[in-house]
Amino acid sequence: MKSMVTPSAWSITRITRVNARKIPNSSPPFSNLFRPKPYSLFSSSVSPLSMAASSALTASSGDVTTDAEVFELIKAHEEKAARLPPLEEIRTVVNHSVRGMLSTISQKYEGYPSGSMVDFACDLEGYPILAVSSLASHTKDLLANKKCSLLVAKDPEDKTDLLITLYGDAIPVSEEDKGDIRTAYLTRHPNAFWVDFGDFQFVRVEPKVVCYVSGIATALLGSGEFSKEAYKAAQVDPIAQFSKPVASHMNRDHAEDTKLIVRHTTSILVDSAYMLDLDSLGFYVKATYKGNTFKLRIPFPRRAEDRKDVKTLIVEMLQAASQSN
């Protein structure tokens, strides 16, 4: 039977959320909780699948009970857990997001930035598409100065999660492309009937640089930036599109199974585990212990090929957890 770790209390520096994201080479160092390591979570030199196959941790003895030891166990697990490379995750998150913060150069308040919450969709190149009204202040700003930025949060409710900022130019969509762009926008926003009003037009934000930051207010701060060409060439993860239906099904009908899988994978006796989202290499959960909440990455044993394969992998993980329990 696999030994489990039962934390005595969760008071490690009073952090109630642990979002274990990794630092690429260009990132600032970790806080002084532990020493920095170069790009090991997302490293291209380490096979994600080999990390996934060896990610389950077993406590060396039953006396691992202090807060610091539990924290180290989580850190060790997260450093080995397979996940998408940063650029692929960024491209995937932007593609599946529908709302962000548009920043423009204000014409009314000269020299100051102006922020607006806007809906958007993405074209085939991953560039955000906005439907803007000539009556809106941000549209007037863009007509005078096309330079802008769009901030996208993977989870707006969690400040420690991935934040992406695209810096670029807002370019009006040509009449030739308008039909395809309209279709793409309405696919994401089917009730946006106003896009056909006379005062609306589509603009495309063509990024010059894409920046990201994650792990804010945690010991696992990471940041970096990518060129327009690198962003455009990145692929959208094919499994991420199934996140909502799969997570909804697991949380509604198999919450205890998810908890058992998390306990087996991490060796920590979590009280609950709520599936947040998934991709080809694994899924994220919001886990709780005695009222405290933290985020964990749970890797698949191998890369998922399609939605049916996701089910196969989860069943395999549950069987392995059940046999060791």
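Residues numbered from 1 in each chain as written. Predicted model: local features only at pLDDT ≥ 70, side-chain atom pairs only at ≥ 80, totals over all residues. Heavy atoms only, no water.

**Quick notes on the overall build of the chain**
Note the following rule: In DSSP terms, a helix is any run of H or I states spanning at least four residues, a strand is any run of E spanning at least two, and both are numbered starting from the N terminus. Accessibility here uses a 1.4 Å probe with only protein chains present; expressed as a share of the type maximum, an area under 20% marks a residue as buried, one over 50% as exposed, and anything in between as partly exposed. Residues are treated as being in contact if the distance between any of their heavy atoms lies within 4.5 Å. Under the convention used here, a 1.4 Å probe and the Shrake-Rupley method define accessible areas, while residue burial counts only the protein chains that appear.
A tally of regular secondary structure across the chain gives nine helices and 11 strands. Sorting the 325 residues of the chain into buried and exposed places 50% on the buried side. A sequence separation of at least 24 residues applies to 64% of the contacts in the chain between residues at least 6 apart. In the structure as shown, the chain presents an accessible area of about 15,700 Å², 54% of it carried by carbon and sulfur atoms.

**What about helix 4 (residues 137–144)?**
Rules: The directions considered for the arc are those from the helix axis to the C-beta atoms.
When helix 4 is considered as a whole, its buried residues turn out to be H138, T139, D141 and L142. Down the axis, helix 4 shows its buried residues gathered within 160 degrees of arc, on one side only. Across from the buried face of helix 4, at angles greater than 90 degrees, the exposed residues are L143 and A144. Buried residues in helix 4 make contact with strand 1 (99–105), strand 2 (113–119), strand 4 (128–133), strand 5 (147–153), strand 6 (163–172) and strand 7 (200–214).

**A short note on the sheet that holds strand 11 (residues 292–299)**
Test applied: One bridge is not enough; two strands pair if DSSP finds at least two bridges between them. Fitting a line to C-alpha atoms yields each axis, with helices limited to the stretch in contact; the angle taken between N-to-C directions then spans 0 to 180 degrees.
If you walk across this open sheet you meet the three strands as 9-10-11, and the pairing is antiparallel. Every interior strand has two partners, whereas the edge strands, strand 9 (272–279) and strand 11, have only one. On average, each strand axis in the sheet is tilted by 25 degrees relative to the strand beside it, whichever way the strands run.

**Brief notes about the nonpolar core**
We apply this condition: Definition used in this section: a nonpolar core is a set of buried Ala, Val, Leu, Ile, Met, Phe, Trp, Tyr and Cys residues joined via side-chain atoms within 4.5 Å.
Formed by 28 residues in total, the largest nonpolar core has its most connected members in V246, F283, L296, I298, F300 and V310. Looking at this core, the elements that each hand over two or more residues are helix 2 (67–80), helix 7 (243–253), helix 8 (255–266), strand 9, strand 10 (282–289), strand 11 and helix 9 (307–324). Residues V93, L130, C148 and Y231 belong to the second largest nonpolar core, which totals 26 residues.

**A few points about the pattern of salt bridges**
Definition in use: The salt bridge criterion pairs a side-chain nitrogen of Lys or Arg with a carboxyl oxygen of Asp or Glu, the two atoms within 4 Å.
This model, assessed by the stated rule, comprises 16 salt bridges. The salt bridge involving K154 is made with D277; its shortest N-O contact spans 3.7 Å. Note that K154 is positioned in the loop between strand 5 and strand 6 and D277 in strand 9, a separation of 123 residues in sequence. Assessed through its relative accessible area of 22%, K154 is described here as partly exposed. For E256, the salt bridge goes to K259, with nearest N and O atoms at 3.2 Å. In this pair, E256 and K259 both sit in helix 8, three residues apart, roughly one turn of the helix. Owing to a relative accessible area of 53%, E256 belongs among the exposed residues under this scheme. By relative accessible area, which is 15% here, K259 ends up buried.

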